[in-house]
Amino acid sequence: MTGDPASDQATVLGLIADPDMPETIADRLADTLPDQLDGEWHVEVDADPVTATLKGTSEILEQTAHKCDAHGWTYAICITDLPVRSDDGPVVADIDHDRGVAVVSVPGMGGLQTPRRVHQVMRQVIDELLGEPEERDEPGRTREQRRHGLSGRAIGLLAPIRRKAVETEGSHLDVRYVTPGRRGRLRLLSGMVRTNRPWRLVFGLSRALAAAVATSAFGLSSSTIWMVGDQLNIGFKVLTTVTVIAALVTWLIAAHDLWEKRGDTRSDPQLAWLYNASTLLTLIIGVVALLLILFVVNFLLAWLILPASLLTSMLGTETGVGTYLAVAWAFTTLGGIAGALGSSLETDQAVRQAAYGYRESRRRAEYQEQESSSDDSGGSGSDDSRDSESSGSGSGES
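Everything quoted here is computed from the prediction, not taken from an experiment.

(A) Just helix H8 (residues 223-231), in detail. The set of residues buried in H8 consists of Ile-225, Trp-226 and Gly-229. Each buried residue of H8 sits inside an arc of 105° when the element is viewed along its axis, so together they form one side. Opposite the buried face of H8, by more than 90 degrees, sit the exposed residues Thr-224 and Gln-231.

Take a look at the structure:
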């Protein structure tokens, strides 16, 4: 929490954030937003996985409104990393003017400069919440958003953000920001991959990396591997590298049950392909990063350990940087195969962070466990009070 919300003159904004990346973004917004808004503002951050138990933005807006009233906030915005789809395209933000609440979907921002995009959209959402009722558009009107940097050339080319006034039955939703078309779907997919944080997978595959390094070190002593790396043409090397990446990714998916079935996603069955595509891209990026690290290590080892004269005598050709690169590639390919086997030793949690469905189900279980704990404590408290009351009445009668 920033500032003192007790001031009568202050406008209090509550940010309800999903764990992980949304919470990090919300903390940054709490530090920067008050100085950029007119008047006195206080921002409070509430990290809560409540969205994992809800279906669609209508339910999220409803829960956000309840939390806004419970905390006494002036406005409340939920920041979620769940992908949200609509008939108009991937949803960036949904806004309920009447109750002063909104929901912002981080994946809808895309995979580039995500925190800055969220900041821009948040400024726009706050402007919407502060707007007067007579300024609102008629339902169905669509226009491109042009404030707070949302009309930049890059955004316009990649996926323009459009504002649409909507009117939905049984919901207070009245304004929606979307990225329509195929470019919008690609932007959503890239945002999901960014939210998965592929670089974390490298640290999660520590055992696979250890097995790959050990196997590569063994290959340093094999002149046969030197010859294979030197003699194969570039086309075959590329094909072999792609095969190793595919094998490692397939092994990770099968060993840790990362593939989302069509009926597994709660709110939208068609999200299954998005979940699987984002998981697949996340794993590919993580595995490529792992192999690049292994390649650099192998190149340095070959450069330091294998004399050029030895390679020249064994290979029968002049040794140069290209020779060391070819030998390092051979070690890396061999190590990648061993890494695929070593990846089965990784803990499920370390690898499953790359899967949207796993994070969602884990948050749902955590939230339900918290609810059960609070209910149990509340029930035991009631039992204790009843015991106390009966004890008191008994002593009074005596």
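Okay, back to it.
(B) Quick look at the nonpolar core. Leu-13, Leu-15, Ile-77, Met-122 and Val-125 are the most contacted members of the largest nonpolar core, which totals 31 residues. Taken together, the elements giving at least two residues each to this core come down to strand E1 (11-17), helix H1 (21-36), strand E2 (41-47), strand E3 (75-80), strand E5 (89-96), strand E6 (101-105), helix H3 (114-130) and strand E9 (175-178). Apart from residues no more than four positions distant in its own chain, Val-125 is found in contact with Ile-77, Ala-93, Ile-95, Ala-102 and Val-104. Residues Ile-245, Leu-248, Ile-253 and Leu-294 belong to the second largest nonpolar core, which totals 18 residues.

(C) Examining the packing of H1 against H3 more closely. With their axes 10 Å apart at the nearest point, H1 and H3 run at an angle of 55° to one another. Taken as axis vectors, H1 and H3 run oblique relative to one another. Seen along the crossing, H1 lies across H3 with a hand that is right-handed. Contacts from Met-21, Ile-25, Arg-28, Leu-29, Thr-32, Leu-33 and Gln-36 of H1 reach H3 at Thr-114, Pro-115, Val-118, His-119, Met-122, Arg-123 and Ile-126.

(D) Inspection of the confidence of the model for the protein at higher detail. Residue-level pLDDT values for the protein average 76, and 73% of them are 70 or greater. The spread of mean pLDDT over the elements of the protein runs between strand E7 (residues 142-144), the lowest at 51, and E3, the highest at 94. Contacts of residues 380-398 to residues separated by more than four positions or lying in other chains number zero contacts, the stretch itself having pLDDT below 50.

(E) Spatial organisation of the packing of aromatic side chains. The final tally for this structure, using the stated rule, is three aromatic pairs. Residues Phe-299 and Trp-303 carry aromatic rings whose centres are separated by 5.9 Å and whose planes lie at 35° to one another, so their mutual orientation is tilted. Taken together, the residues Phe-299 and Trp-303, both in helix H10 (residues 271-305) and four residues apart, mark about one turn of the helix. Overall, the relative accessible area of 46% leaves Trp-303 in the partly exposed class. Through a chain of ring-to-ring contacts, three or more aromatic side chains come together here, namely Phe-299, Trp-303 and Tyr-324.

(F) Structural view of the environment of Met-109. Topologically, Met-109 is positioned in the loop between E6 and H3. Those residues in contact with Met-109 that sit more than four places away from it in its chain are Val-92, Val-104, Thr-114, Arg-117, Val-118, Val-121 and Arg-187.

Quick notes on the rules
- All residue numbers refer to positions counted from 1 along the written sequence of the respective chain.
- Since the coordinates come from a predicted model, pLDDT governs what is reported: local features require at least 70, and pairs of side-chain atoms require 80 or more to be given and counted, while whole-chain, interface and lining totals use all residues.
- As a rule here, side-chain values cover all heavy atoms of the structure and leave hydrogens and water aside.
- Categorising residues by exposure relies on relative accessible area from a 1.4 Å probe, with only protein chains included: less than 20% of the type maximum marks a residue as buried, more than 50% marks it as exposed, and the intermediate range marks it as partly exposed.
- The secondary structure listing takes helices from DSSP runs of H or I that are at least 4 residues long and strands from runs of E that are at least 2 residues long, numbered from the N terminus.
- The arc in question is formed by the directions pointing from the helix axis toward the C-beta atoms.
- Nonpolar cores were defined as sets of buried Ala, Val, Leu, Ile, Met, Phe, Trp, Tyr and Cys residues, with membership established by side-chain atoms within 4.5 Å.
- Contact criterion: two residues are considered in contact whenever any of their non-hydrogen atoms come within 4.5 Å of each other.
- For helices, the fitted line uses only the C-alpha atoms of the stretch in contact; every axis is such a line through C-alpha atoms, and the angle between N-to-C directions lies from 0 to 180 degrees.
- What sets the label is the angle itself: under 35 degrees gives roughly parallel, over 145 gives roughly antiparallel, 65 to 115 gives roughly perpendicular, and the rest give oblique.
- Crossings are assigned a handedness: left-handed for a near helix turned anticlockwise from the far helix by less than a right angle, right-handed for a clockwise turn.
- pLDDT measures how confident the predictor is about each residue, on a scale from 0 to 100.
- Stacked, edge-to-face and tilted labels apply to pairs of Phe, Tyr and Trp rings (six-membered ring for Trp) whose centres lie within 6.5 Å, assigned for plane angles under 30 degrees, over 60, and everything in between, in that order.

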